[in-house]
2 protein chains.
Amino acid sequence: MATNKSQRLTMSDVARHAGVSRTTVSFVLNDKPGAAIPDETRRRILEAIDELGYRPNAGARALAANRSGWFGLITEIVTGPFAGEVITGAQSRAWGDRRFLLIAASEGDPAQEAAALDQMLEHRVEGLLYATTWHRAVTLPKAAREVPTVLVNCYDAEGELPCILPDEVSGGYKATRRLLDAGHTRIGFINLDPAIPAAIGRREGYERALREAGITRDPSLVVPGWATADSAYTAACELLDRPAGDRPTALFCGNDRMAMGAYDAIKERGLRIPHDVAVVGFDNQELIAAYLRPKLTTLALPFEAMGTKGIDMLAALAAGQPLDTHRVTLDCPLLERSSV
Amino acid sequence: MATNKSQRLTMSDVARHAGVSRTTVSFVLNDKPGAAIPDETRRRILEAIDELGYRPNAGARALAANRSGWFGLITEIVTGPFAGEVITGAQSRAWGDRRFLLIAASEGDPAQEAAALDQMLEHRVEGLLYATTWHRAVTLPKAAREVPTVLVNCYDAEGELPCILPDEVSGGYKATRRLLDAGHTRIGFINLDPAIPAAIGRREGYERALREAGITRDPSLVVPGWATADSAYTAACELLDRPAGDRPTALFCGNDRMAMGAYDAIKERGLRIPHDVAVVGFDNQELIAAYLRPKLTTLALPFEAMGTKGIDMLAALAAGQPLDTHRVTLDCPLLERSSV
DNA sequence: GCGCTTTAATAACGCGCGTTACTTCCGTGT
DNA sequence: ACACGGAAGTAACGCGCGTTATTAAAGCGC
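Sequence order sets the numbering: in each chain, residues are counted from 1 along the sequence as written. A letter from A marks each chain and a number from 1 marks each ligand, given out in the order of writing. Under the rules for a predicted model, residues below a pLDDT of 70 receive no local features and side-chain atom pairs below 80 are neither given nor counted, while totals for whole chains, interfaces and linings still include all residues. Computation of side-chain values: all heavy atoms of the structure, hydrogens and water removed.

Let us look at the protein's contact with DNA strand D. One heavy atom within 4 Å of a molecule or strand is enough for the residue carrying it to be called near that molecule or strand. Around DNA strand D there are 26 residues in total, and A:S21, B:T10, B:M11, B:R22 and B:Y54 lie nearest to it. Counting only the atoms of DNA strand D that lie within 4 Å of the protein, the sugar and phosphate share comes to 60%. Between a phosphate oxygen of DNA strand D and a side-chain N or O atom of B:T10, the distance comes to 2.8 Å. Each helix is a run of H or I in the DSSP string that is no shorter than four residues. Each strand is a run of E no shorter than two, and both are numbered from the N terminus. Secondary structure elements with two or more residues in the surface near DNA strand D: α3 (22-29) and α5 (58-65) of chain A together with α3 (22-29) and α5 (58-65) of chain B. In protein, a polar contact requires one atom able to donate a hydrogen and another able to accept it; more generally it is a pair of N or O atoms within 3.5 Å, and residues adjacent in sequence count only if both atoms are side-chain atoms.

See the structure below:
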């Protein structure tokens, strides 16, 4: 009963109950500037709303005002640690602004992606956030051009769309710098696939830090891996089995899973973390970093901040404002735990 | 330019372009049964839609048809491994049915939860999915009564709302049974906080499996933990340091993080997994289970299936159909890897 | 030729709301 | 006395679409 009523309750019901016209109710609800509403009338109306339990119909409001209030968010995978953070960041900013997120996962399938985009356009999203799991170049369906779009953790090959990226270089620099500050001079770097932006940027940061510290470059300390614990285990074994004195006393790992593999290699050799070998990871995958023993010092990818910033940029674009920066890079904070 | 046109494109434009009335276009778009539309006319209209790049306005359609097409999904935290799976499951089922998910995270804050619910009701959601991170009892805001609601991974104290829960008992049974089948008879159980439903159910399953196998119960093999790797490490040490012959040859851990701690205790003692001590986890947190060395055999909580089933139940409720079961329990599949 | 059914298509209403333009009432100044 | 300006409030239109009459044309039997 209450259900039916509240479902069908309209502004006219409120107006009737308060003894005013529907227009007046609308003015009150929207704080219409320039509308002179005496306090007494306003009070009556708000009271009526309260008594009746009226809720404005967001859809009807959107139609009349020609502002859907929706932003679209397309990610590759919702499962997994990163998409959730982007969503969290985007949500918190969007909802505060009475805007809402229509979320879709493409699952890496172009057909699903296109379908999702279609639905979003039918819902008249005022902007689109497109986020990837790992930092790379992407190509968007043409339909994305119909609406302001911001790329998160990726960039388009043509370089036309605004994008938000993690600052890989500064990340690599900070990781290395942290180890240098702890007194290490032989720092192994178990990198990701050397062809991807994350690997390139982090290596650049790694080398800059060494250069600044006046340490001569030893390329044999940098080994590529493939983002798995196993590959990092192998790589770590290789580095740790060098003759003592030439063996690195610290390992900077391309991600936390790889740090897991490195941990195994270190422990197997009876070495202690961080006493004998210090380790820094990357990505801050909480489930790993916070539960490894000892807990892993690592760099966090700023997914939540990227989500927030993405909404900010979309809001600006949707309002027709120009963007101050087309390509934004966000800092990767260093999370100190116990592995250095 | 193209942007402006496509934003403002309406059904009337299509009608004009095809030389028919707007009504006819609507009939074609909705495959209106009982409307006699000659093939030639239909073709002309579809062609016009295509040429113009027309997209129906989902909001306006919802208003006119009085069917929002929205379902609400409230979770505690979007970050973290579980919410994503629920979302994935719910999304895949919902989108296929041309229904959409309005997602919100309460962050455990009742105020945010209430605000989210308000927004959802303003968007006229036709149903609500309420999911928690861990299996427990919850109390929903009264406003949730205004719309069909299904609980996921939780239940309401009053027992009025339909809910979907993991089958903890069968999970505990399967884990234990797997170890029994591998020949183990002294199976340690590092449980979660013994007061929560997951711990109670799994212990029941554990004991039933032992009973069925004719193994006399040894309560000292069951130790409580607190869901952390550290607490499990301590507990595992205790179990493993029992005199040989009395030491368990297998450990069933309350979750995968705890299995991580157990791994450390086992490896520290120079024991091998699974040769000397077998381990079974719970939760299947991919980041841990798939990257521990050796990979962890564990039970998966059926989050994705719970999300899917949740949408099914909501769809039925929203259509006014009665539910066959008020309380659904879903199986926790055993994922065989290399730790048994 | 006339009624009658089927086919094809449309005019018109309403969904719930934002907004504009308009009306009514009242106090003020001259 | 009158014009005038502001305060308070409302009628009416339109947003884009689903849907229900209703109309116009075409086919059919006699």
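Still more ground to cover, so stick around.
The next subject is the packing of aromatic side chains. Only Phe, Tyr and Trp rings take part, Trp by its six-membered ring, and two of them pair if their centres are within 6.5 Å. Stacked means planes under 30 degrees apart, edge-to-face means over 60, and tilted covers everything else. Applying the stated criterion to the full structure yields 13 aromatic pairs over all chains. Ring centres of B:F189 and B:F252 lie 4.7 Å apart, and the angle between their planes is 10°; on these two criteria the pair is classed as stacked. Taken as a pair, B:F189 in strand β6 (residues 187-191) and B:F252 in strand β8 (residues 250-253) lie far apart in primary sequence, 63 residues in all. Owing to a relative accessible area of 0%, B:F252 belongs among the buried residues under this scheme. Site record: aromatic cluster; members linked through ring pairs are A:W70, A:W95, A:F100, B:W70, B:W95 and B:F100. Cation over ring: A:R136 sits above A:W134, and NZ or CZ is 5.0 Å from the ring centre. To sit over a ring, a charge needs its Lys NZ or Arg CZ within 6 Å of the ring centre and within 35 degrees of the ring normal. Above the plane of the ring of B:F282 lies B:R202, whose end atom (NZ or CZ) is 3.5 Å from the centre. Each residue gets one of three labels from its accessible area relative to the maximum for its type: buried under 20%, exposed over 50%, partly exposed in between, using a 1.4 Å probe on protein chains only.

Our focus in this paragraph is the interface of chain B and chain A. Counting residues at the interface gives 58 residues for chain B and 55 residues for chain A. Accessible area that two parts lose when put together, evaluated with a 1.4 Å probe and summed over both, is termed the buried area. Taken over both partners, the interface formed by chain B and chain A buries close to 5,300 Å², and the fraction arising from carbon and sulfur atoms is 54%. We define a salt bridge as a contact between a side-chain nitrogen of Lys or Arg and a carboxyl oxygen of Asp or Glu at a distance within 4 Å. For the pair chain B and chain A, the number of links is 13 salt bridges. A salt bridge links B:R293 to A:D230; its shortest N-O distance comes to 3.2 Å. Counting the contacts that link chain B with chain A gives 20 residue pairs in polar contact (both at pLDDT 80 or more). We call two residues contacting when some pair of their heavy atoms lies within 4.5 Å.

Where α5(B) begins, one side-chain oxygen reaches toward the backbone nitrogen of B:G59, 2.9 Å away; that side chain belongs to B:N57. Directly beyond the C-terminal end of α5(B), a positive phi value near 60° is found at B:N66.

All right, on to the sheet that holds β8(B) then. In a beta sheet, neighbouring strands pair by backbone hydrogen bonds and run either parallel or antiparallel. Residues and elements named next belong to chain B. Read across the open sheet, the four strands follow the order β7-β6-β8-β9; overall the sheet is parallel. What marks the edges here is a single partner per strand, and that holds for β7 (222-224) and β9 (278-280). Here the strands of the sheet are splayed against their neighbours by 15° on average, with no regard to which way each runs. Where β6 and β8 come together, four bridges link them in parallel fashion. What sits directly across from I187, in β8, is A250. Only C-alpha atoms enter the line fits that serve as axes; for helices the fit covers just the stretch in contact. Angles between N-to-C directions range over 0 to 180 degrees. Against the sheet, helix α10 (residues 229-240) touches β6, β7 and β8, its axis set at about 155° to β6. Note on pairing: two strands pair once DSSP finds at least 2 bridges between them.

Before going further, it helps to spend a moment on the packing of α3(A) against helix α4 (residues 39-52) of chain A. Residue and element names in this part refer to chain A. With their axes 10 Å apart at the nearest point, α3 and α4 run at an angle of 90° to one another. Between α3 and α4, the angle falls in the class roughly perpendicular. Listed contacts from α4 to T24, V25, V28 and L29 of α3 are T41, R42, I45, L46 and I49. When residues are sorted by character, Ala, Val, Leu, Ile, Met, Phe, Trp, Tyr, Cys and Pro go into the nonpolar class, Asp, Glu, Lys and Arg into the charged class, and all the rest, Gly among them, into the polar class. Looking at the contact of α3 with α4 residue by residue, the classes come out as six nonpolar, two polar and one charged. Here is the rule for angles: anything less than 35 degrees is roughly parallel, anything more than 145 is roughly antiparallel, 65 through 115 is roughly perpendicular, and the remaining ranges are oblique.

Glancing now at the relation of the copies chain B and chain A. Superposing the copies works by least squares over the C-alpha atoms of residues that have pLDDT at least 70 in both of them. Of the transformation superimposing chain B on chain A, the axial component is 0.0 Å and the angular component is 180°, with the fit at an RMSD of 0.1 Å. On this basis, the relationship between the two copies can be described by a two-fold rotation axis. Considering only C-alpha atoms, the residue of chain B closest to the rotation axis is B:G59, which sits at 2.9 Å. Looking at the interface residues of chain B, 95% of them are also at the interface in chain A, so both copies use one shared face.

Here the focus is the protein's contact with DNA strand C. Close to DNA strand C lie 26 residues; A:T10, A:M11, A:R22, A:Y54 and B:S21 are nearest. For DNA strand C, the fraction of protein-proximal atoms (within 4 Å) that sit in sugar or phosphate groups is 61%. Within the contact set of DNA strand C, a phosphate oxygen lies 2.9 Å away from a side-chain nitrogen or oxygen of A:S26. At 3.2 Å from a phosphate oxygen of DNA strand C is found a side-chain nitrogen or oxygen belonging to A:N30. Its residues assigned to classes, the surface near DNA strand C comprises 13 nonpolar, nine polar and four charged.

Throughout, the edges of the domains are those of an automatic or database domain assignment. Splitting chain A by domain gives domain 1 (2-56), domain 2 (68-166 + 303-332) and domain 3 (168-300). Computed from C-alpha atoms alone, the centre-to-centre distance between domain 1 of chain A and domain 3 of chain A is 63 Å.

A cis amide bond, omega 0°, links A:I273 with the succeeding residue A:P274. With respect to the helices, strands and loops of the structure, A:P274 is situated in the loop between α11 (256-268) and β9 (278-283). One non-glycine residue, B:R124, adopts positive backbone phi at about 55°. By secondary structure assignment, the location of B:R124 is in the loop between α7 (110-122) and β3 (128-138). With relative accessibility at 14%, the residue B:R124 sits in the buried group. Positive phi is not limited to glycine here, since B:N153 has a value of about 70°. By the element assignment, B:N153 lies in strand β4 (residues 149-156). The class of B:N153 is buried, set by a relative accessible area of 2%.

Another aspect to go through is α3(B). All names here are of chain B. Three or more residues of α3 are buried, namely T24, V25 and V28. Here the buried residues of α3 occupy an arc of 100° about the axis, which is enough to place them on one side. The elements touched by buried residues of α3 are α2 (11-18) and α4 (39-52). Immediately downstream of α3, the backbone of D31 shows phi near 45°, a positive value. Each direction from the helix axis to a C-beta atom contributes to the arc, which is the arc of those directions.

Further remarks concern the side chain of A:R202. Residue and element names in this part refer to chain A. With respect to the secondary-structure elements, R202 resides in helix α9 (residues 197-212). Separated by 2.8 Å, the side chains of R202 and E168 make a polar contact. A distance of 2.8 Å separates a polar side-chain atom of R202 from the backbone oxygen of G254. Those residues in contact with R202 that sit more than four places away from it in its chain are E168, G172, F189, L192, G254, F282, D283 and L301.

UniProt positions are given in the numbering used here, feature names are shortened, and annotations may be inferred rather than shown by experiment. Those residues carrying the UniProt feature "domain: HTH lacI-type" (unreviewed entry) are residues 9-65 of chain A in this numbering. Taken end to end, residues 9-65 of chain A has its terminal C-alpha atoms 20 Å apart, with 67% of it in helix and 0% in strand.

Looking now at the sheet that holds strand β6 (residues 187-191) of chain A. Residue and element names in this part refer to chain A. With respect to topology, six strands assemble into an open sheet ordered β7-β6-β8-β9-β10-β12, the strand pairing being mixed. The open sheet is flanked by β7 (222-224) and β12 (334-335), the only strands paired with a single partner. Pairing of β6 with β7 involves three bridges; the strand directions are parallel. Residue F189 lies in a different strand from β7, and its bridge partner there is V222. The strands touched by α9 within the sheet are β6, β7, β8 (250-253) and β9, with β6 carrying the most contacts at an inclination of about 170°.

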